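Each chain, written out:
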Number of protein chains: 2
Amino acid sequence: MQAIKKHSWKKRLEAKEKRMEKMKDITSNRIIPTNKIVQALETLIQPGDRVVLEGNNQKQASFLSAALAKADPEQLYDLHMIMSSISQPEHLDLFEYGIAKKVDFSYAGPQSHRIAQMLEDGKLTMGEIHTYVELYGRLFIDLIPSVALVAADKADAAGNLYTGPNTEETPTLVEAAAFRDGIVIAQVNELVDELPRVDIPGSWIDYVVVADKPYQLEPLFTRDPRHITDIQVLQAMMIIRGIYEKHQVKSLNHGIGYNTAAVELLLPTYGEKLGLKGKICKHWALNPHPTLIPAIESGWVESVHCFGGEVGMEKYVASRRDVFFTGRDGSLRSNRTLCQLAGQYAVDLFVGSSLQIDTYGNSSTVTRGRLAGFGGAPNMGHDPGGRRHSSEAWLDMKTNNNPLSRGKKLVVQVVETFQNGNKPVFVESLDALDVKNDAGLATAPVMIYGEDVTHIVTEEGIAYLYKANSMEERRQAIAAIAGVTPIGLEHDVRKTDKLRREGLIALPEDLGIRRTDAKRSLLAAKNIEELVEWSDGLYEPPAKFRSW
Amino acid sequence: MQAIKKHSWKKRLEAKEKRMEKMKDITSNRIIPTNKIVQALETLIQPGDRVVLEGNNQKQASFLSAALAKADPEQLYDLHMIMSSISQPEHLDLFEYGIAKKVDFSYAGPQSHRIAQMLEDGKLTMGEIHTYVELYGRLFIDLIPSVALVAADKADAAGNLYTGPNTEETPTLVEAAAFRDGIVIAQVNELVDELPRVDIPGSWIDYVVVADKPYQLEPLFTRDPRHITDIQVLQAMMIIRGIYEKHQVKSLNHGIGYNTAAVELLLPTYGEKLGLKGKICKHWALNPHPTLIPAIESGWVESVHCFGGEVGMEKYVASRRDVFFTGRDGSLRSNRTLCQLAGQYAVDLFVGSSLQIDTYGNSSTVTRGRLAGFGGAPNMGHDPGGRRHSSEAWLDMKTNNNPLSRGKKLVVQVVETFQNGNKPVFVESLDALDVKNDAGLATAPVMIYGEDVTHIVTEEGIAYLYKANSMEERRQAIAAIAGVTPIGLEHDVRKTDKLRREGLIALPEDLGIRRTDAKRSLLAAKNIEELVEWSDGLYEPPAKFRSW
């Protein structure tokens, strides 16, 4: 035997205890005084540490990230940051100042230009770009954090946390650090004697600090129906008729977008007229979209499980607890990890949008000079090869009688053939390929791969890509609905009828939809005020969405 | 607007409160007296309810399942059971007695014969067969439970639960019910004043009952090295040399099996000799396998995240907290959901075994007359299409320079060409196809699909299937290592050299391995006693594994 004996097997614990010992100058219990947070971080974090900082596309541990950026770079340097989302300016300041060096992340929407520039300038070292759940997975394998900085609504003196409607990714980040002798620091909006409910047990939390102001929270999933166009109404009608009804889609996820908001708002009108209530769109994995209110009020929706909350929807959700997941206190319980798991494995369909789609259906929202990352879409927007149970819609994707063949998840892309600014969505080659080369990435940042896409919907019609028997057929079906983009113009219009007959594409008339019927007047709510009305005044939109 | 007004939006809560109101005759607090459990279940559960009953391949809520089987079928009938694993006789008694009617499950190993028979006799209605995580996902979508029956080690009077090393799936099952106004009942081994740590907050738990004996727990992952054969040593050497070293596999999952146990036991001997320590097999997603002890003691293993615990490994794990995830109390924190997530998305490689492999690499452990289900293997044993980050091993699976090409997860099948009883493993067609027809399943119960398998290892050699450019090449590579099975005998041996030259297969000599060197003497531990010795007496094997 060659065992390494006499070796300590609790170095992580010893390091943690040593750091906590030094905290005695700052606090005698687990509460860090607000004005001592910078000093506390300098004490609890060491150069080279792996630090997971909460902040996805909604909730941000904004007080802690701002405090970390104020640390002394002479004391605190070379941190390896792990962040779901790089969305605050100070997230990148950390690298400018030399406090942090390396980053592993999922999404960098608002900071995607700057991160690309800093990478080029050698100011940060890139780890990998992930989906949310991949990054969470690595927290338990090879990116185990030394420190977790997270955000919650309230804490009690024992460190128990109440996250209210915005539980999101907090429990997962905390679990990775707390159960590996990492240090967990939670910023809270307030300290209370008794919590409405416990979302995370106090025995998982080392320190709590009351933030100078409530954590930042973005109303990311609010779409004002005022901006929905007639074209989007047309697309929504096609989706309902040509996809949801055709395949009997019962459970689904909608991305953020006006086109999917239009679908939500057509269910109680157009969907009702088609007699589809109770037959489609019963179970949802999505944030509490305000545009889903009319469908909920009309009895379409049996359940909604949420990744996170949505600003202004708190009271409405709490008053509709037969539909949403809520705690004993009545407020929403979201869970980003579990909702992504459900969105991947347990729903019939994902529908999202894109900025570019190539001739074979590969798509990306990445454009030159931007490293936007992935967020959650690729996790839900692919056919999960590990799935073994079936559903009606899933089985409907089978196109042959091979005894080993199986169904497929429905992955729908809905786009208009041109973006704003007259840029074609359908392109010969994705900008993502250039970004791969420019940023030296190992693979091209493709959001949804063509092989996973079952349907593409444009204002021209639907391409039923799951029916294509070859790459050439796939290409033809896409070109047939690509309008007057260069790809669309390549299309031999004499082939259109053949594709229609074979069911590879459907035009609105094939679905019994008259273009002239596609009007905004079909929307169950035409503006935010009408959503509030539908909600019986329970929906309280943020100021920026109020126009009355 | 056509809103359904005046309608209650808290029917689930009202139903729960009504049931709990009736519990006043049984208890005045949240503790159910042990001898009143049957009456309590009859009070808290209603006919037709969806009941999730904890019990995976290790931990079982055995007291609660036995109590449920004693309920009066006149009062309690037509339940829809949701169970990770159907493993206890009483799980199926529920259906014999008419208490339950429908079942959705993941795994039915020990009861797979009886369930197939009962299905044929019309004694139960089959929902779907899932992997663990698919079933968990559906708990938040379209299989939301009315009642959750779970097991924990200890509870306090406030209902906080301590699950100790066997946290497993408990938090996920509880979350689905607790946050949807379902009723959560936990059996515990004991009630204490203060818990060593809180694994699940009391505000998620409605009732606690002290079980008449500790919950059932299977030492499922213990393999006695005594039973490892020289052939398995040979295969393990090939895996280390021809897969782990070749592709620089740093993070991985091992299934249950003597062949993977052999790999674990060769790391400190053969692996050490090859100079691979610190280069391969650093991060693991797996249960605390006793056969991993020598590798841990020799400094090979940086981290292990666990699906569940393993009987006898409690003290060892607690003493090796730099390697395992542990709580403040020092004992293991396992989490089946998070470990499956990590095992799917965050590791380089999965290796498992199978009973049958067809000519294209599709495999199944299902044989005629048995409905064994899937457990967790398909979730980890597929190439996750949603993965966007790369690793060295993952990128090594790229076989072309297409700008959109990406890496692949390594999915390895290791089998001997014949099973016990001289049945060939390599077959023209899987028994799973017959089972599909016999049981009227929507798809054939394939465990791992050929398209996902990157390597097959037999005693003859390794087939590098990821390199095959066509189905024909794949077939040839498999046949070349299929020995004297009918599939192997079809192989034109004149092609073997060509396949070797092209790297599609490797024989032991191609890897620098002499068959005569493959001896049990290479194992770091040759029996359970030596594992105990390696562990410094910390590993305490269950009686059935003790022979001294």
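Nothing here was measured: the structure is a model prediction, and the numbers come from that model.

Cut-offs applied
- Residues numbered from 1 in each chain as written.
- Chains lettered and ligands numbered in written order.
- Predicted model: local features only at pLDDT ≥ 70, side-chain atom pairs only at ≥ 80, totals over all residues.
- Heavy atoms only, no water.
- Pairing = 2+ DSSP bridges.
- Helix = DSSP H or I, 4+ residues; strand = E, 2+ residues; numbered from the N terminus.
- Right-handed = clockwise from strand over helix to strand, strands pointing away.
- Expected span 1.5 Å × (residues − 1).
- Bend = angle between axes of the 7 residues up to and from the residue.
- Buried < 20%, exposed > 50% of the residue type's maximum accessible area, 1.4 Å probe, protein only.
- Least-squares fit on C-alpha atoms with pLDDT ≥ 70 in both.
- Contact = heavy atoms within 4.5 Å.
- Salt bridge = Lys/Arg side-chain N within 4 Å of Asp/Glu carboxyl O.
- Domains from an automatic or database assignment.
- Buried area = accessible area lost by both parts, 1.4 Å probe.
- Phe/Tyr/Trp six-rings, centres within 6.5 Å; stacked < 30°, edge-to-face > 60°.
- Lys NZ or Arg CZ within 6 Å of the ring centre and 35° of its normal.
- Disulfide = S-S within 2.5 Å.
- Axes fitted to C-alpha atoms, helices over the stretch in contact; angles between N-to-C directions.
- Parallel < 35°, antiparallel > 145°, perpendicular 65-115°, else oblique.
- Nonpolar A, V, L, I, M, F, W, Y, C, P; charged D, E, K, R; others polar.
- Polar contact = N/O pair within 3.5 Å; in protein donor to acceptor, adjacent residues only side chain to side chain.

Residues and elements named next belong to chain B. In this structure, strand S4 (residues 79-85) lies alongside strand S5 (residues 100-107), joined through six bridges in parallel fashion. Looking across to S5, one finds that Ile82 is bridged to Asp104. For the crossover from S4 across helix H4 (residues 89-96) to S5, the handedness is right-handed. Across three bridges, the pairing between S5 and strand S6 (residues 125-129) is parallel. Bridging from a neighbouring strand, Phe105 pairs with Ile129 of S6. For the handedness criterion, the β-α-β arrangement of S5, helix H5 (residues 112-120) and S6 is classed as right-handed.

Residue and element names in this part refer to chain B. In this model helix H8 (residues 230-247) runs 25 Å from its N-terminal to its C-terminal C-alpha over 18 residues, within 8% of the 26 Å that 1.5 Å per residue would give. Where H8 bends most, at Ile240, the angle is about 30°. Within H8, 14 of the 18 residues are buried, leaving the element largely enclosed by the surrounding structure. The first or second residue beyond H8 is Gln248, which carries a positive phi of 55°.

Here the focus is the sheet that holds strand S21 (residues 462-464) of chain A. All names here are of chain A. Read across the sheet, eight strands follow the order S14-S13-S12-S15-S18-S20-S21-S22 without closing on themselves; strand pairing throughout is mixed. Of all the strands in the sheet, just strand S14 (303-305) and strand S22 (505-506) have a single pairing partner and so form its edges. Bridging between strand S18 (residues 410-414) and strand S20 (residues 455-457) involves three bridges; their strand directions are parallel. Of the residues in S20, the one forming a bridge with Val414 is Val457.

With an axial shift of 0.0 Å and an RMSD of 0.0 Å, the rotation relating chain B to chain A amounts to 180°. What the rotation and shift describe, once combined, is the action of a two-fold rotation axis. Residue Pro201 of chain B of chain B places its C-alpha closer to the rotation axis than any other residue of that unit, at 3.0 Å. With an isologous cut-off of 70% or more, the 100% of interface residues of chain B that recur at the interface of chain A puts this contact in the isologous class.

All right, on to the side chain of His305 of chain B then. Along the chain, His305 of chain B turns up in strand S14 (residues 303-305). A residue is classified by how much of its surface remains accessible, and His305 of chain B, at 1% relative accessible area, is buried. If sequence neighbours within four positions are ignored, His305 of chain B has contacts with Phe140 of chain A together with Trp284, Ala285, Leu286, Phe325, Asn335, Leu338 and Cys339 of chain B.

Quick look at the pattern of salt bridges now. Tallying each qualifying case throughout the model produces 72 salt bridges over all chains. Arg321 of chain B serves as the salt-bridge partner of Asp181 of chain A, at 2.4 Å between the closest nitrogen and oxygen. Of this pair, Asp181 of chain A sits in the loop between helix H7 (170-178) and strand S9 (183-191) while Arg321 of chain B sits in the loop between helix H11 (314-318) and helix H12 (336-345), placing the two residues on different chains. With a relative accessible area of 7%, Asp181 of chain A lands in the buried category. Residue classification places Arg321 of chain B among the buried residues on the basis of a relative accessible area of 8%.

Residues and elements named next belong to chain A. According to the domain assignment, chain A consists of domain 1 (27-217) and domain 2 (225-527). Taking only C-alpha atoms, the centre of domain 1 and the centre of domain 2 are 33 Å apart. Across the boundary between the two partners, domain 1 contributes 33 residues, which contact 30 residues of domain 2. Between domain 1 and domain 2 lies a buried interface of about 2,500 Å² when both sides are counted; carbon and sulfur atoms form 56% of it.

Once that is clear, we can look at the pairing of strand S4 (residues 79-85) of chain A. Residues and elements named next belong to chain A. Most of S4 sits inside the fold, with seven of its seven residues counted as buried. When strand S2 (residues 50-53) meets S4, the two strands line up parallel, connected through four bridges. In the sheet register, Arg50 faces S4, and the bridge partner there is His80.

Under the definition given, this model contains eight aromatic pairs over all chains. Arranged with centres 5.7 Å apart and planes meeting at 35°, the rings of Phe140 of chain A and Phe325 of chain B form a pair that is tilted. Of this pair, Phe140 of chain A sits in the loop between helix H6 (132-138) and strand S7 (147-155) while Phe325 of chain B sits in the loop between H11 and H12, which puts the two residues in different chains. Just as Phe140 of chain A is buried, Phe325 of chain B falls in that class too. Seen in terms of ring centroids, Phe179 of chain A and Trp204 of chain A are 5.0 Å apart; in terms of plane orientation they differ by 75°. Their pairing is edge-to-face. A residue pair is termed long-range when its members are at least 10 positions apart, and Phe179 of chain A in the loop between H7 and S9 and Trp204 of chain A in the loop between S9 and strand S10 (207-210) qualify at 25 residues. For Phe179 of chain A, a relative accessible area of 3% gives the class buried. Residue Trp204 of chain A is classed as buried on the basis of its relative accessible area of 6%. When the ring centre of Tyr258 of chain A is taken as reference, the NZ or CZ atom of Arg223 of chain A above it lies at 5.6 Å.

For the rest of this paragraph, the subject is the state of the cysteines. Residues and elements named next belong to chain A. The tally for this structure, following the rule as stated, stands at zero disulfides over all chains. The thiol of Cys281 is not disulfide-bonded; the next cysteine sulfur, from Cys339, is found 16 Å away. The exposure class of Cys281 is buried, given its relative accessible area of 0%. With no disulfide of its own, Cys306 lies 6.5 Å from the sulfur of Cys339, the closest cysteine sulfur. For Cys306, a relative accessible area of 1% puts it in the buried group.

All names here are of chain A. Across the interface, helix H4 (residues 89-96) lies against helix H5 (residues 112-120) with an axial gap of 10 Å and an inter-helix angle of 10°. Between H4 and H5, the interaxial angle falls into the category roughly parallel. In this structure, H4 contributes Pro89, Leu92, Asp93, Phe95 and Glu96 to the contact, and H5 contributes Arg114, Ile115 and Met118. Looking at side-chain class alone, the contact of H4 with H5 contains five nonpolar, no polar and three charged residues.

Moving on, we come to the interface of chain B and chain A. For interface size, the figure often reported is the accessible area lost on association. With 111 residues of chain B in contact, the opposing surface of chain A contributes 111 residues. When the buried surface of chain B facing chain A is broken down by residue, Trp9, Ile141 and Arg388 of chain B rank first, second and third, together holding 11% of it. For Asp206 of chain A, the salt bridge is made with Arg328 of chain B, and the minimal N-O distance between the two is 3.1 Å. For the interface between chain B and chain A, the tally reads 56 residue pairs in polar contact (both at pLDDT 80 or more). A total of six residues in the side of chain B that touches chain A trace back to one element, the largest contributor, which is H12 of chain B. Class assignment of the residues belonging to the side of chain B that touches chain A gives a composition of 46 nonpolar, 30 polar and 35 charged.

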